[in-house]
Amino acid sequence: MVRSFIASLTVVVTIGVLGSPAFAQSTPADLVRGLLAQTPTTVPANFADAFLAQLPYSQVRAIAKDYVARFGDVTNVVPSGADQLVTFAKGSVLVNVHVDAANKIDGILFHDEMSPADEAALRAFFASQKIDTSAFAPSFLSLVPAAQLETGLTQLSAAVGAFVRLEARPTGYVGVYEKGELPVHISLDTNGKIALLKIDPPTPKK
């Protein structure tokens, strides 16, 4: 059975709470754009108190600043299904924002980032016969040891055959193998090391 590999740098907090009707004019795109701005306009008052009790604003801003540091300035934010597609100078990421009845953020998820650096890291991972631990952040390896990654690669080959290519699709990256396809999610840290790697179960090749 193919395992999922997942480590740090994923933020998922969804807490329902009612508050005041302030900021009702802000759309999800506005909120995301304001959070990623050099001088943020999405501030603690835009978040539900219960959310901030679980994840302080400083941590949310640190994640936002990390994306800007790696991908450059934001050039566009547009709706994409249930998400907001954020395009930077050197990459993109999907952001799912949930707001409560007072239009305050009570859930946010950054996922499926895409950039030339992400793509290069994924190609190297899928094409490798042996795990290069130098490609991974220490925080990742502390949760998913190299031996577990090696086992995962062996399981992939047994389940779906040899790696053929990596495709960048609107929904994210997909590893195409001889007998199947695997959606894959990745995030790099500011040093270009893999901080998150999640491989979904395979689907039959189309």
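All values derive from a computational prediction rather than experimental measurement.

K.L.:
Explain the layout of surface pockets here, please?
P.N.:
In this approach, a probe sized like a water molecule rolls over the atoms, and the result shows the empty space that is left. The calculated volume of the second largest pocket comes to roughly 160 Å³. What lines the second largest pocket is a set of 13 residues, and nearest its centre among them are Phe 126, Ser 128, Gln 129, Leu 153 and Ser 157. Broken down by secondary-structure element, the contributors of at least two residues to the lining of the second largest pocket are α4 (116–127) and α6 (146–160). At five residues, α6 tops the list of elements feeding residues into the lining of the second largest pocket. Residues belonging to the lining of the second largest pocket are distributed by class as follows: seven nonpolar, five polar and one charged.

K.L.:
I tried to follow the pattern of salt bridges on my own but got confused; where do I start?
P.N.:
Here the idea is simple: oppositely charged side chains can pair when their charged atoms come close. Summed over the entire model, instances satisfying the criterion amount to nine salt bridges. A salt bridge links Asp 66 to Arg 70; the nearest nitrogen and oxygen atoms lie 3.0 Å apart. Of this pair, Asp 66 and Arg 70 both sit in helix α3 (residues 57–71), four residues apart, which is roughly one turn of the helix. Each member of the pair, Asp 66 as well as Arg 70, carries the same accessibility label: buried.

K.L.:
It is not clear to me how the nonpolar core should be interpreted in this structure. Could you clarify?
P.N.:
General note: in soluble globular proteins, nonpolar side chains tend to be found buried as a group. One finds Leu 35, Val 86, Phe 88, Val 95, Ile 108 and Phe 110 to be the most contacted residues of the largest nonpolar core, which totals 25 residues. Those residues in contact with Val 95 that sit more than four places away from it in its chain are Val 32, Asp 83, Gln 84, Val 86, Ile 108, Leu 109 and Phe 110. Counting residues in hydrophobic clusters, the runner-up holds 23 residues, among them Leu 122, Phe 126, Leu 197 and Ile 199.

K.L.:
Got a minute to help me understand the packing of aromatic side chains in this structure?
P.N.:
Geometrically, a pair of aromatic rings is defined through the distance of the ring centres and the angle of the planes. Tallied over the entire structure, the rule returns 12 aromatic pairs. With centroids separated by 5.2 Å and ring planes inclined at 15°, the aromatic side chains of Tyr 67 and Phe 110 adopt a geometry described as stacked. Remark: Phe 110 occurs in strand β5 (residues 105–114) and Tyr 67 occurs in helix α3; sequence separation between them is 43 residues. For Tyr 67, a relative accessible area of 2% corresponds to the buried category. What links up through ring pairs into an aromatic cluster is the set Phe 125, Phe 126, Phe 136, Phe 140, Phe 163 and Tyr 177. Between the NZ or CZ atom of Arg 70 and the centre of the ring of Phe 71, over which it lies, the distance is 4.9 Å.

K.L.:
Can you help me understand the side chain of Asn 103 in this one?
P.N.:
In this structure, Asn 103 sits in the loop between β4 (91–99) and β5. Accessibility expressed as a relative area gives 13% for Asn 103, which makes it buried. Within the local environment of Asn 103, its side chain forms a polar contact with the backbone oxygen of Ser 26, the two atoms lying 2.8 Å apart.

K.L.:
Explain the side chain of Glu 113 here, please?
P.N.:
Note that Glu 113 resides in strand β5. Only 2.8 Å separates the side chain of Glu 113 from the side chain of Ser 187, close enough to count as a polar contact. Side-chain polar atoms of Glu 113 contact the backbone nitrogen of Leu 188, separated by 3.4 Å. If we skip the residues at most four places from it in the chain, Glu 113 touches Tyr 67, Arg 70, Phe 71, Ser 92, Val 93, Asp 118, Tyr 173, Ile 186, Ser 187 and Leu 188.

K.L.:
Even after reading the chapter, I still don't get unusual backbone geometry, so can you show me in this structure?
P.N.:
The bulk of non-glycine residues show a negative phi, and the bulk of peptide bonds are trans. Look at Asn 103: it is not a glycine, yet its phi comes out positive at around 65°. You will see that Asp 112, though not glycine, has its phi angle at about 50°, which is positive. Asp 112 sits in the buried class, given a relative accessible area of 14%.

K.L.:
Explain α3 here, please?
P.N.:
Between its terminal C-alpha atoms α3 stretches 21 Å, which fits the 21 Å expected from 15 residues at 1.5 Å a residue. Along α3, the residues that are buried comprise Tyr 57, Val 60, Arg 61, Ile 63, Ala 64, Asp 66, Tyr 67, Val 68, Arg 70 and Phe 71. Backbone geometry just after α3 places Gly 72 at a positive phi near 90°.

K.L.:
What am I meant to see in the pairing of strand β8 (residues 180–188) here?
P.N.:
Each regular strand displays side chains that alternate between the two surfaces of the sheet. For β8, the tally of buried residues reaches eight of nine residues, placing the bulk of the element in the interior. With four bridges joining them, strand β7 (residues 172–177) and β8 adopt antiparallel strand pairing. Across the sheet, Gly 175 pairs through a bridge with Leu 182, a residue of β8. As defined by bridge partners, β8 adjoins strand β10 (residues 203–204) across two bridges and the pair is classed as antiparallel. Paired with Gly 180 across the bridge in β10 is Pro 204. Sheet topology places β8 next to strand β9 (residues 194–199); five bridges connect them, and they run antiparallel. By the bridge assignment for β9, Ile 186 is matched with Leu 197. Between the antiparallel neighbours β8 and β9 lie five residues, among them Gly 192 with a positive phi of about 80°.

Here is what the cut-offs are and how they apply
Residues numbered from 1 in each chain as written. Predicted model: local features only at pLDDT ≥ 70, side-chain atom pairs only at ≥ 80, totals over all residues. Heavy atoms only, no water. 1 Å grid on protein atoms, 1.4 Å probe; cavity = no way out; pocket = protein on both sides within 12 Å on 5 of 7 lines; lining within 4 Å. Points joined across faces, edges and corners; volume = space filled by probe spheres on them. Helix = DSSP H or I, 4+ residues; strand = E, 2+ residues; numbered from the N terminus. Nonpolar A, V, L, I, M, F, W, Y, C, P; charged D, E, K, R; others polar. Salt bridge = Lys/Arg side-chain N within 4 Å of Asp/Glu carboxyl O. Buried < 20%, exposed > 50% of the residue type's maximum accessible area, 1.4 Å probe, protein only. Core = buried A, V, L, I, M, F, W, Y, C linked by side-chain atoms within 4.5 Å. Contact = heavy atoms within 4.5 Å. Phe/Tyr/Trp six-rings, centres within 6.5 Å; stacked < 30°, edge-to-face > 60°. Lys NZ or Arg CZ within 6 Å of the ring centre and 35° of its normal. Polar contact = N/O pair within 3.5 Å; in protein donor to acceptor, adjacent residues only side chain to side chain. Expected span 1.5 Å × (residues − 1). Pairing = 2+ DSSP bridges.

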